[in-house]
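Coordinate analysis (summary)
So you can see what is in the structure, the chains are spelled out below.
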Amino acid sequence: MLDLRESAWRAMVAHAYYGLPDEACGLLGGRRRGDDGALAEVFVPCENADRSSRTFSLGPDAWEKADRDIEGRGLEILGVVHSHTHTEAYPSPTDIEQAGNPFLVGWRWVLVSLRQPEPVVRSYLIVGDDVREEHIGLVQG
Amino acid sequence: MSVTVRLPTIMRANAGGQSEISAEGSTIGEVIDDIVKQFPGTATHLRAPDGGVHRFVNVYLNDEDVRYLGKLETAVGDGDTVSIVPAVAGG
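Re the nonpolar core
Leu27 and Val112 of chain A together with Val31 of chain B are the most contacted members of the largest nonpolar core, which totals 58 residues. Looking at this core, the element that brings in the most residues is strand β3 (residues 37-46) of chain A, giving five residues.

Take a look at the structure:
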């Protein structure tokens, strides 16, 4: 279960719309809880180095921002967030393949779909080919 | 040649908690070899199964992506800065 601060939800959705027509991306910072829960406190918007509506790569700015805005606040990186501009909020085959990245072990993949009139945000844990959605609970603040 | 290597937070636990280390080498490939020699735990993130550099790592020499320079053969100079940057991507 991912508890997500409403401010972080708003920030990631706003960044997704701001990035149109390209996919937008960023990092999620917060605290882990128990075995597989977490409280996501901040969303850190990053540049999509691909400048593409079909793919994203976190720009080199991402890690300086992560140092300052996540680790610098005593939080840890919980996952990567990106938008799907015309498809559902479900990891693409490319996402699942990329989740094998050894830097991302234990990270969440949070998807923001802009396909429908209302944005849809979902969170997944991906291990190998196993894609498991987790419930997102919005938390005030 | 001695260069300064900047490490992402994710790798620091494998490098004695340091954000910057010194490494020796005349090319990017040799610098990476030296990082792994000094801190074997960094191999998790840096080394591909075939012994090369993991495809999920981007390497910058003085802010230039080495993929657009000479890749692992890129020559480094004394005092240069090498940045190791996780490649996080998807679609």
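Things to note about the sheet that holds strand β2 (residues 25-33) of chain A
Residue and element names in this part refer to chain A. The strand order β8-β7-β6-β5-β2-β3-β1-β9 describes an open sheet built from eight strands, whose pairing is mixed. Strands at the two margins of the open sheet, each flanked by one partner only, are β8 (130-134) and β9 (136-139). Along the sheet, successive strands turn relative to each other by an average axial angle of 35°, direction set aside. Lying over the sheet, helix α1 (residues 6-19) contacts β1 (2-5), β2, β3, β5 (76-84), β6 (108-113), β7 (120-127) and β9, oriented at roughly 35° with respect to β3. Sheet contacts for helix α2 (residues 61-69): β2, β3 and β5; angle to β3, the most-contacted strand, approximately 130°.

As for the interface of chain B and chain A
The interface is formed by 15 residues belonging to chain B together with 20 residues belonging to chain A. Residues that form the side of chain B that touches chain A fall into these classes: nine nonpolar, six polar and no charged. The pairing of strand β4 (residues 56-57) of chain A with strand β6 (residues 89-90) of chain B spans two bridges and is antiparallel. Bridge pairing in β6 of chain B places Phe56 of chain A opposite Gly90 of chain B.

With respect to the environment of Asp61 of chain A
Residues and elements named next belong to chain A. Following the sequence through the fold, Asp61 ends up in helix α2. Separated by 27 residues in the primary sequence, Asp61 and Gly34 have C-alpha atoms spaced 31 Å apart. Setting aside anything within four residues of it in sequence, one finds Asp61 in contact with Cys46 and Glu47.

What about the pairing of β3 of chain A?
Residue and element names in this part refer to chain A. Most of β3 sits out of view: seven of its 10 residues are buried. Where β1 meets β3, three bridges bridge the pair, whose relative direction is parallel. Paired with Asp3 across the bridge in β3 is Leu39. Across nine bridges, β2 lies against β3 in antiparallel orientation. Paired with Gly30 across the two strands is Ala40, which belongs to β3. Turn length for the β2-β3 hairpin, with the two strands adjacent in sequence and antiparallel, is three residues, and the turn residue Gly34 shows positive phi of about 65°.

Examining unusual backbone geometry
With an omega dihedral of 10°, the bond running from Leu20 of chain A to Pro21 of chain A counts as a cis peptide bond. Here Pro21 of chain A is to be found in the loop between α1 and β2. Backbone geometry at Arg51 of chain A places phi at a positive 45°, although glycine is not the residue there. Its place among the elements puts Arg51 of chain A in the loop between β3 and β4. Classification of Arg51 of chain A as partly exposed rests on a count of 14 C-beta atoms within 10 Å. Not every positive phi belongs to a glycine, and Asn62 of chain B is a case in point at roughly 45°. Within the secondary structure, Asn62 of chain B is located in the loop between β3 (57-61) and β4 (64-65). Since 13 C-beta atoms lie within 10 Å of it, Asn62 of chain B is described here as partly exposed.

Re the environment of Arg32 of chain A
Note that Arg32 of chain A resides in strand β2. Once the C-alpha coordinates of Arg32 of chain A and Leu78 of chain A are considered, the two residues, 46 residues apart in sequence, prove to be 7.6 Å apart.

Overview of the confidence of the model for chain B
Note that predicted coordinates carrying low pLDDT should not be read in detail. All names here are of chain B. Per-residue pLDDT for chain B has a mean of 92; in total, 100% of the residues score no lower than 70. Within chain B, no element has a lower average pLDDT than helix α1 (residues 9-12), which sits at 85, and none a higher one than strand β2 (residues 20-24), at 97. Both confidence scores are given for the complex: pTM 0.86, ipTM 0.87.

Quick look at the pairing of β5 of chain A
All names here are of chain A. Most of β5 is tucked away, with eight of its nine residues classed as buried. Note: β2 against β5, six bridges, orientation antiparallel. Each bridged residue has a counterpart across the sheet, and for Leu28 the counterpart in β5 is Gly79. Judged from the six bridges that link them, β5 and β6 form a sheet pairing that is parallel. The residue bridging Val80 from the neighbouring strand is Trp109, located in β6.

Parameters and conventions
Residues numbered from 1 in each chain as written. Chains lettered and ligands numbered in written order. Predicted model: local features only at pLDDT ≥ 70, side-chain atom pairs only at ≥ 80, totals over all residues. Core = buried A, V, L, I, M, F, W, Y, C linked by C-beta atoms within 7 Å. Buried ≥ 20, exposed ≤ 12 C-beta atoms within 10 Å, placed from the backbone. Helix = DSSP H or I, 4+ residues; strand = E, 2+ residues; numbered from the N terminus. Pairing = 2+ DSSP bridges. Axes fitted to C-alpha atoms, helices over the stretch in contact; angles between N-to-C directions. Contact = placed C-beta atoms within 7 Å. Nonpolar A, V, L, I, M, F, W, Y, C, P; charged D, E, K, R; others polar. pLDDT = per-residue confidence, 0-100.

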